[in-house]
Amino acid sequence: MAEKSYRQLSEALEKVLAELQDPDVDIDRALKLYEQGQKLIAELGAYLESAENKVNKLTASSSTKSKKSS
Amino acid sequence: MSAELVVSVSEFVALLNQTLEFAYPSIIIAGELANFRVSKNKWLYFDLKDDFASVKFFGTVYQLPGPLEDGMLLEVRGQPQLHPLYGFSVNVQSIRPVGEGSIKRAAALLEAKLVAEGLFDEARKRPLLYPPEHIGLITSSEAAAYSDFMKILDERWRGITVDFMNVQVQGELAVTQIVQAIERFNALAEPPEVLVITRGGGSADDLAAFSTEQVTRAVAASRVPTLVAVGHERDVSLAELAADRRASTPSNAAELLTPDRRHVIDQLSQISQQLATGLNDLLADNQRQLQVIDEAFDEIIGRTLHSAQDRLKLNQQVLEAFNPEAAFKRGWATVRHHNTLIRSGQSLAAGDIVDIRLYDASLKAQIDNIIMKDDR
């Protein structure tokens with residue numbers, strides 16, 4: 001899976017928000033963080049709109065087939 | 001005279017056992033438990049009885065569904081056998097409490113035992129990742145539980161991989177299959193982040209597998225955190241008590257595992273707005289700071305200029321003090337002779353015509369007499 005998972009995107013956003021809340025952050029950095037934050041929010045939203053849940057059927061011995069649900 | 005068949009005792013035992021094995025390879029006998037005892041922590045001896053008969057049983061503790069006590073109603077699967085030395089008994093294959101009273105009693109005994117072992121301790125409970133990316137689902141594909149769980153999961157969240165193992169959730173095979181599924185998920189190279197073991201509601205009999213010692217211990221032993229959801233109204237199954245988290249129904253399990261993505265999308269847009277507001281505030285702050293610096297700068301420059309002006313005024317006063325005009329005003333005069341400023345009486349002689357300058361006039365005068373200071 002090349003795309004980032006929701007959790008990875010979400011952690012990245014939390015880091016951005018935490019750094020932005022640092023009172024010592026300078027304006028150049030804040031502008032960059034702001035852009036990153038908005039980009040991550042857009043990616044998270046797109047993820048929640050478009051990603052799908054996948055179901056793999058396993059047996060007690062081995063995996064057989066997989067299909068998409070929803 | 002026909003010769004009757006005569007057999008030895010051992011031959012009789014073997015013959016009878018062959019007949020019994022042929023007639024009853026496996027039979028389920030229901031009755032009330034009596035004279036239950038465990039020998040050397042390994043062997044089981046008990047009787048099943050009803051109003052008119054009593055039959056002996058023999059087995060091992062591994063076949064126990066949990067602790068038992070006399071008076072319980074059981075269904076015991078076994079094979080009748082005549083032991084060469086100890087006589088008739090049924091060799092136990094499996095034991096199942098039946099009837100609501102016995103099931104509850106068996107569950108209560110097992111619960112007390114597992115509580116004493118600490119299997120249900122709060123300290124054992126592990127948090128579940130929220131939301132998970134990888135779920136192991138153990139339920140029956142035929143029951144509503146599977147579709148209910150997946151429906152709510154699909155509504156609420158996206159991008160989850162669900163590994164599903166189809167098991168019987170009631171009946172004789174349920175216990176073994178559920179335990180195997182839990183063990184199999186734990187043995188995967190990439191085990192799921194949470195195991196969901198679920199079924200819908202049913203009678204006490206239907207739900208019995210979820211209160212067996214085997215399933216309860218398998219749930220407690222799972223390295224993968226567990227969520228057990230058994231639909232029911234009153235009693236909680238022991239597997240639920242052993243789980244890291246329990247839910248009331250399969251749908252509720254899906255709800256506990258995931259946030260509602262519509263709500264999260266709303267939150268994301270709020271964060272986006274807060275980010276924008278935050279940035280604006282930061283810019284405004286910076287502007288205010290610039291303004292403060294600007295004002296401070298003005299003040300310093302102003303003060304510097306001010307002190308320069310003060311110094312200038314002082315210099316002017318000093319300069320003023322040396323202004324000869326001021327001396328003339330005070331009554332001083334100068335004497336020149338042929339345009340040369342006279343500093344000494346020796347530079348003049350009687351009869352010389354001199355120019356005298358006063359504050360407001362110039363005089364021409366002739367020297368009449370010269371008296372030197374020393375001559376006085």
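Look up: the structure comes first, before these words.
Residues numbered from 1 in each chain as written. Chains lettered and ligands numbered in written order. Predicted model: local features only at pLDDT ≥ 70, side-chain atom pairs only at ≥ 80, totals over all residues. Heavy atoms only, no water.

### Side note on the overall build of chain A
When you go through chain A residue by residue, the secondary structure sums to two helices and two strands. Mapped from its N terminus to its C terminus, chain A presents α and β elements in the order α-α-β-β. Across the 70 residues of chain A, 33% fall into the buried class. When the accessible area of chain A is evaluated, it comes to approximately 4,700 Å², of which 50% is carbon and sulfur surface. (Helix = DSSP H or I, 4+ residues; strand = E, 2+ residues; numbered from the N terminus. Buried < 20%, exposed > 50% of the residue type's maximum accessible area, 1.4 Å probe, protein only. Areas by Shrake-Rupley, 256 points an atom, 1.4 Å probe, with all protein chains shown as cover.)

### Concerning a nonpolar patch on the surface
All names here are of chain B. Residues Leu-5, Val-7, Phe-12 and Leu-15 make up a contiguous nonpolar surface patch of roughly 390 Å² in combined accessible area. Secondary-structure assignment places Phe-12 in helix H1 (residues 9-23). Residue Phe-12 is classed as partly exposed on the basis of its relative accessible area, which comes to 41%. (Patch = residues over 30% accessible without salt bridge, like charges linked within 9 Å, V, L, I, M, F, W, Y side chains within 5 Å. Salt bridge = Lys/Arg side-chain N within 4 Å of Asp/Glu carboxyl O.)

### Examining the pairing of strand E5 (residues 87-97) of chain B
Residues and elements named next belong to chain B. Bridge count for strand E3 (residues 54-60) against E5 is two bridges, and the pairing is parallel. Paired with Phe-57 across the two strands is Val-90, which belongs to E5. In terms of strand pairing, strand E4 (residues 73-83) meets E5 through 10 bridges, oriented antiparallel. Bridged to Leu-74 within E5 is Pro-97. Between the end of E4 and the start of E5, which pair antiparallel, lie three residues. (Pairing = 2+ DSSP bridges.)

### A few points about the sheet that holds E4 of chain B
All names here are of chain B. Strands sit in the order E1-E2-E3-E5-E4 around a closed barrel of five strands; the barrel is mixed. Sheet twist, expressed as the average angle between the axes of neighbouring strands with direction ignored, equals 50°. Against the sheet, H1 engages E4 and E5, with an angle of about 140° to E4. (Axes fitted to C-alpha atoms, helices over the stretch in contact; angles between N-to-C directions. Contact = heavy atoms within 4.5 Å.)

### Examining the interface of chain B and chain A
For interface size, the figure often reported is the accessible area lost on association. Opposite the 34 residues of chain B that make contact, chain A presents 33 residues. Carbon and sulfur atoms supply 61% of the area buried between chain B and chain A, which totals about 3,000 Å² over both sides. Seen at the junction of chain B and chain A, the total is 20 residue pairs in polar contact (both at pLDDT 80 or more). Elements that contribute at least two residues to the side of chain B that touches chain A include exactly helix H3 (144-156), strand E7 (161-166), helix H4 (174-187) and helix H8 (261-321) of chain B. Ranked by residues supplied to the side of chain B that touches chain A, first place goes to H8 of chain B with 12 residues. Looking at the side of chain B that touches chain A residue by residue, the classes come out as 22 nonpolar, five polar and seven charged. Direction of pairing for strand E1 (residues 54-58) of chain A relative to E7 of chain B: parallel, over a ladder of five bridges. What sits directly across from Lys-57 of chain A, in E7 of chain B, is Phe-164 of chain B. (Buried area = accessible area lost by both parts, 1.4 Å probe. Polar contact = N/O pair within 3.5 Å; in protein donor to acceptor, adjacent residues only side chain to side chain. Nonpolar A, V, L, I, M, F, W, Y, C, P; charged D, E, K, R; others polar.)

### Considering the pattern of salt bridges
Taken as a whole and judged by the stated rule, the model has 20 salt bridges over all chains. We note a salt bridge from Arg-29 of chain A to Glu-19 of chain A, for which the minimum N-O separation is 2.7 Å. One end of the pair, Arg-29 of chain A, is in helix H2 (residues 27-50); the other, Glu-19 of chain A, is in helix H1 (residues 6-21), and 10 residues separate them in sequence. A residue is classified by how much of its surface remains accessible, and Arg-29 of chain A, at 31% relative accessible area, is partly exposed. We classify Glu-19 of chain A as partly exposed; its relative accessible area is 30%. Here Arg-105 of chain B makes a salt bridge to Glu-69 of chain B, at a shortest N to O gap of 2.3 Å. Residue Arg-105 of chain B is located in helix H2 (residues 100-117), and its partner Glu-69 of chain B is located in the loop between E3 and E4; the two are separated by 36 residues in the primary sequence.

### Some words on unusual backbone geometry
All names here are of chain B. Note that the residue after Tyr-130, namely Pro-131, is joined by a cis bond; omega there is -10°. Within the element layout of this structure, Pro-131 appears in the loop between H2 and strand E6 (134-139). In this structure, Asn-35 is a non-glycine residue whose phi angle is positive, near 55°. By secondary structure assignment, the location of Asn-35 is in strand E1 (residues 27-39). Phi is positive for Asn-41, close to 55°, though the residue is something other than glycine.

### A closer look at the pairing of E3 of chain B
Relative to E3 of chain B, strand E2 (residues 43-49) of chain B is paired through seven bridges, and the arrangement is antiparallel. When the bridges of E3 of chain B are listed, Tyr-45 of chain B appears paired with Phe-58 of chain B.

### Observations concerning a negative patch on the surface
A cluster of like negative charges, contributed by Glu-32, Asp-50, Asp-51 and Asp-70 of chain B, occupies part of the molecular surface. Along the chain, Asp-70 of chain B falls in the loop between E3 and E4. (Lys, Arg positive; Asp, Glu negative; His and termini not counted. Charge placed at Lys NZ, Arg CZ, Asp CG, Glu CD.)

### Examining the nonpolar core
It is characteristic of soluble globular proteins that their nonpolar side chains tend to be buried jointly. Counting 39 residues, the largest nonpolar core has Ile-135 and Phe-149 of chain B as the members making the most contacts within it. The element contributing the most residues to this core is H2 of chain A, with seven residues. When residues of this core are sorted by domain, at least three fall in each of domain 2 (117-259) and domain 3 (263-322) of chain B. Non-local contacts of Phe-149 of chain B, meaning those with residues more than four positions away in its chain, are made with Ile-135, Leu-137, Val-196, Pro-250, Ala-253, Ala-254 and Leu-257 of chain B. (Core = buried A, V, L, I, M, F, W, Y, C linked by side-chain atoms within 4.5 Å. Domains from an automatic or database assignment.)

### Looking at the environment of His-83 of chain B
Residue and element names in this part refer to chain B. Within the fold, His-83 resides in strand E4. Judged by its relative accessible area of 31%, His-83 is partly exposed. Separated by 69 residues in sequence, His-83 and Ala-14 have C-alpha atoms that sit 9.4 Å apart. A polar side-chain atom of His-83 sits 3.0 Å from the main-chain amide nitrogen of Leu-85.

### Notes on the packing of aromatic side chains
Inspection of every chain in the model, using the stated rule, returns seven aromatic pairs over all chains. Seen in terms of ring centroids, Tyr-6 of chain A and Trp-157 of chain B are 4.7 Å apart; in terms of plane orientation they differ by 80°. Their pairing is edge-to-face. Of this pair, Tyr-6 of chain A sits in helix H1 while Trp-157 of chain B sits in the loop between H3 and E7, on two different chains. Neither residue differs from the other here; Tyr-6 of chain A and Trp-157 of chain B are each classed as buried. (Phe/Tyr/Trp six-rings, centres within 6.5 Å; stacked < 30°, edge-to-face > 60°.)

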